[in-house]
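Architecture and fold: a report
Chain by chain, the residues:
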Amino acid sequence: SLQFLEENKDIDNYYFYLAVDFIGLGRCALHTGDLERAREYERQIREICAPHMDTDNYSYLTFQAALYHASGDAKERDCCIRRIQSSLNHRIRIMDYFDDFYEYAGLLLEIDDEQFLHLIRLLDDLAEHAKVTNLQRRIREWKIKYHKKIGDTASYLQETARFYEDTMRMERSNRAMMLEM
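Each value, and the rule that gives it
Residues numbered from 1 in each chain as written. Predicted model: local features only at pLDDT ≥ 70, side-chain atom pairs only at ≥ 80, totals over all residues. Heavy atoms only, no water. Salt bridge = Lys/Arg side-chain N within 4 Å of Asp/Glu carboxyl O. Helix = DSSP H or I, 4+ residues; strand = E, 2+ residues; numbered from the N terminus. Buried < 20%, exposed > 50% of the residue type's maximum accessible area, 1.4 Å probe, protein only. Core = buried A, V, L, I, M, F, W, Y, C linked by side-chain atoms within 4.5 Å. Contact = heavy atoms within 4.5 Å.

1. Things to note about the pattern of salt bridges
Using the criterion set out here, one finds 19 salt bridges in the structure. Across the pair Asp 112 and Lys 149 runs a salt bridge whose closest N-O atoms are separated by 2.7 Å. Note that Asp 112 is positioned in the loop between helix H6 (94-110) and helix H7 (115-130) and Lys 149 in helix H8 (residues 133-150), a separation of 37 residues in sequence. For Arg 169, the salt bridge is made with Asp 166, and the minimal N-O distance between the two is 2.5 Å. Of this pair, Arg 169 and Asp 166 both sit in helix H9 (residues 153-180), 3 residues apart, roughly one helical turn. By relative accessible area, which is 36% here, Arg 169 ends up partly exposed.

2. Quick look at the nonpolar core
In this structure, Leu 88, Ile 92, Phe 101, Tyr 104, Phe 116 and Leu 119 are the most contacted members of the largest nonpolar core, which totals 30 residues. Looking at this core, the elements with two or more residues in it are helix H4 (58-71), helix H5 (74-87), H6, H7 and H8. The biggest single contributor to this core is H6, with 10 residues. What Tyr 104 contacts, discounting residues up to four positions off in sequence, is Thr 62, Ile 81, Ile 84, Gln 85 and Leu 119. Ala 38, Tyr 41, Ile 45 and Phe 63 belong to the second largest nonpolar core, which has 15 residues in total.

Structural data, given as structure tokens:
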């Protein structure tokens, strides 16, 4: 997609799409432990894309928070967390930002940030309202990890049972869809 963008710089939202590609590449670099490469993608976003786009974009902020966390810069990470939290509300386009928030939830859980539960409740409400079982199921994964981490066995077992029910509902839905083909 970078090649496509390079050949089509006149498209609407060019810098936004370029930033999305850099964020994806930066996240891949973080997942493989290549911190320098991740920093380079963040620099490119900041220098090339940021002057032309909204830098309070959830994808960018969650990437920055992850990058600062991996770099050991708790002060900047916490600044990103505050910026994200100050703008979270029920009008989030969940399908646009779910993967970003899913990873971000992992960061919040890892650092024992109190905002973890707030984020999970918000995402859960949005996924339930959207009636997307797969998203509900993925959110439930974080709830299970959270309850296990804090040693709340009863809630852990309850969420695990719900996870199983979500999985079975998805399986039935997938089978029905396959039969219709």
